[in-house]
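Residues per chain, in single letters:
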Amino acid sequence: MDLVQLQRQLVDYRTSLYHEGFLDEQFTQLQELQDENNPDFVVEVVSLFFEDSERLLNELSNALEQQIIDFKRMDARVHQLKGSSSSIGAQRVRQLCIVFRNYCEAQNVEGCLKCLPQVKHEYSIVKTKLESMFQLEQQILNAGGSVPV
């Protein structure tokens, strides 16, 4: 595949992430902070989001396995996840975290048990899609091109 095709594929792929609701304008703002002095800024921030999210999701899973569930602590973890997903523009994850927080506040065990797998699923999808986008960007750079904005 030639460079122009790779660049077109990246633009189309990125556009689809917005149209399908995986990303919102916050991701665009994140990209605007990247410059030649810090060319890996977005990848670094998103990688931190991945690490933090996986830790929080594991903590939430463990919390829901306890006999006595600490809803206040769970709500704090979901709030963290909502904030970090919002900061990178992971719209679907953020929206599910809002629902999850409502279940935590209501101390609704069934709702929390239903919502956690949904959050994990949406997180997994956005992680895979962002990793694919970053790989495509790297292919363009390796071919000597520039990543279209």
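Residues numbered from 1 in each chain as written. Predicted model: local features only at pLDDT ≥ 70, side-chain atom pairs only at ≥ 80, totals over all residues. Heavy atoms only, no water.

**Some thoughts on the overall build of the protein chain**
Keep this limit in mind: Labels follow the DSSP assignment, with helices taken as runs of H or I lasting at least four residues and strands as runs of E lasting at least two, numbered in each case from the N terminus. Between two residues, a contact is recorded if the distance between any of their heavy atoms is within 4.5 Å. Note on areas: Shrake-Rupley with a 1.4 Å probe; residue coverage comes only from the protein chains shown. As used throughout, the charge tally considers Lys and Arg to be positive and Asp and Glu to be negative, leaving His and the chain termini uncounted. Where a charge lies is defined by one atom per residue type: Lys uses NZ, Arg uses CZ, Asp uses CG and Glu uses CD.
Broken down by element type, the protein chain carries six helices and zero strands. In sequence order, the secondary structure elements of the protein chain are arranged as α-α-α-α-α-α. Restricting the contact set of the protein chain to residue pairs at least 6 apart, pairs at least 24 apart contribute 66%. Element-wise, carbon and sulfur atoms account for 48% of the exposed surface of the protein chain, whose accessible area totals about 8600 Å². Each charge class in the protein chain was averaged separately, 14 positive and 22 negative side chains, and the resulting centres sit 7 Å apart.

**A look at the layout of surface pockets**
We count it as follows: Of the grid points, spaced at 1 Å and generated over the protein atoms alone, those admitting a 1.4 Å probe that cannot get out make up cavities, while open sets with protein on both sides within 12 Å along at least five of seven lines make up pockets; any residue with an atom within 4 Å of a point is treated as lining. Grid points are joined across faces, edges and corners, and a volume is the space filled by probe spheres set on the points. In this classification, Asp, Glu, Lys and Arg are treated as charged, Ala, Val, Leu, Ile, Met, Phe, Trp, Tyr, Cys and Pro as nonpolar, and every other residue, Gly included, as polar.
Taken as a whole, the largest pocket spans an internal volume of roughly 520 Å³. Considering the residues around the largest pocket, the lining is formed by 18 residues, among which Gln34, Pro39, Val42, Glu137 and Val147 are closest to the centre. Among the elements of the structure, helix 2 (25–32), helix 3 (41–64) and helix 6 (109–142) are those that each provide at least two residues to the lining of the largest pocket. At four residues, helix 6 tops the list of elements feeding residues into the lining of the largest pocket. Looking at the lining of the largest pocket, its residues break down into eight nonpolar, four polar and six charged. Glu59, Leu60, Ala63, Gln66, Ile68, Ile69, Asp70, Arg73, Met74 and Arg77 together form the lining of the second largest pocket. Contributions of two or more residues to the lining of the second largest pocket are made by helix 3 and helix 4 (71–88). Grouping the constituent residues of the lining of the second largest pocket by class yields five nonpolar, one polar and four charged.

**A look at the nonpolar core**
Rules: Throughout this description, the term nonpolar core refers to a set of buried Ala, Val, Leu, Ile, Met, Phe, Trp, Tyr and Cys residues connected via side-chain atoms within 4.5 Å. Only protein chains enter the accessibility calculation, which uses a 1.4 Å probe; a residue is then buried when its area is under 20% of its type maximum, exposed when over 50%, and partly exposed in between.
In terms of nonpolar packing, the biggest core is built from 39 residues, with Phe27, Val46, Met74, Val93, Phe100, Val119 and Leu130 touching the most fellow members. Among the secondary structure elements, those contributing two or more residues to this core are helix 1 (3–19), helix 2, helix 3, helix 4, helix 5 (91–105) and helix 6. When residues of this core are assigned to their parent elements, the largest contribution, eleven residues, is made by helix 6. If we ignore the near neighbours within four places in the chain, the residues touching Phe100 are Leu60, Met74, Val78, Cys112, Cys115, Leu116 and Val119.

**Observations regarding the pattern of salt bridges**
Pairing between side chains becomes possible if they bear opposite charge and their charged atoms approach one another. For clarity, the cut-off: What makes a salt bridge here is a side-chain nitrogen of Lys or Arg within 4 Å of a carboxyl oxygen of Asp or Glu, nothing more.
Overall, the coordinates contain nine salt bridges when judged by the stated rule. Put simply, Glu137 and Arg14 hold a salt bridge, and the shortest N to O gap is 3.5 Å. In this pair, Glu137 sits in helix 6 while Arg14 sits in helix 1, placing the two residues 123 residues apart along the sequence. Take Glu137: its relative accessible area is 12%, and that puts it in the buried class. As a salt-bridge pair, Glu131 and Lys127 come within 4.0 Å of each other at their nearest N and O atoms. Of this pair, Glu131 and Lys127 both sit in helix 6, four residues apart, roughly one helical turn. Because the salt bridges share partners, they merge into one network encompassing Asp52, Arg55, Glu59 and Arg77.

**Observations concerning the state of the cysteines**
Heads up, the rule is: Here, two cysteine sulfur atoms that lie within 2.5 Å of each other are counted as a disulfide.
Tallying each qualifying case throughout the model produces zero disulfides. Summary of cysteine pairing: Cys97 is not part of a disulfide, and the nearest cysteine sulfur, belonging to Cys115, is at 7.7 Å. For Cys97, a relative accessible area of 0% gives the class buried. There is no disulfide at Cys104, and the cysteine sulfur nearest it, in Cys112, is 3.9 Å away.

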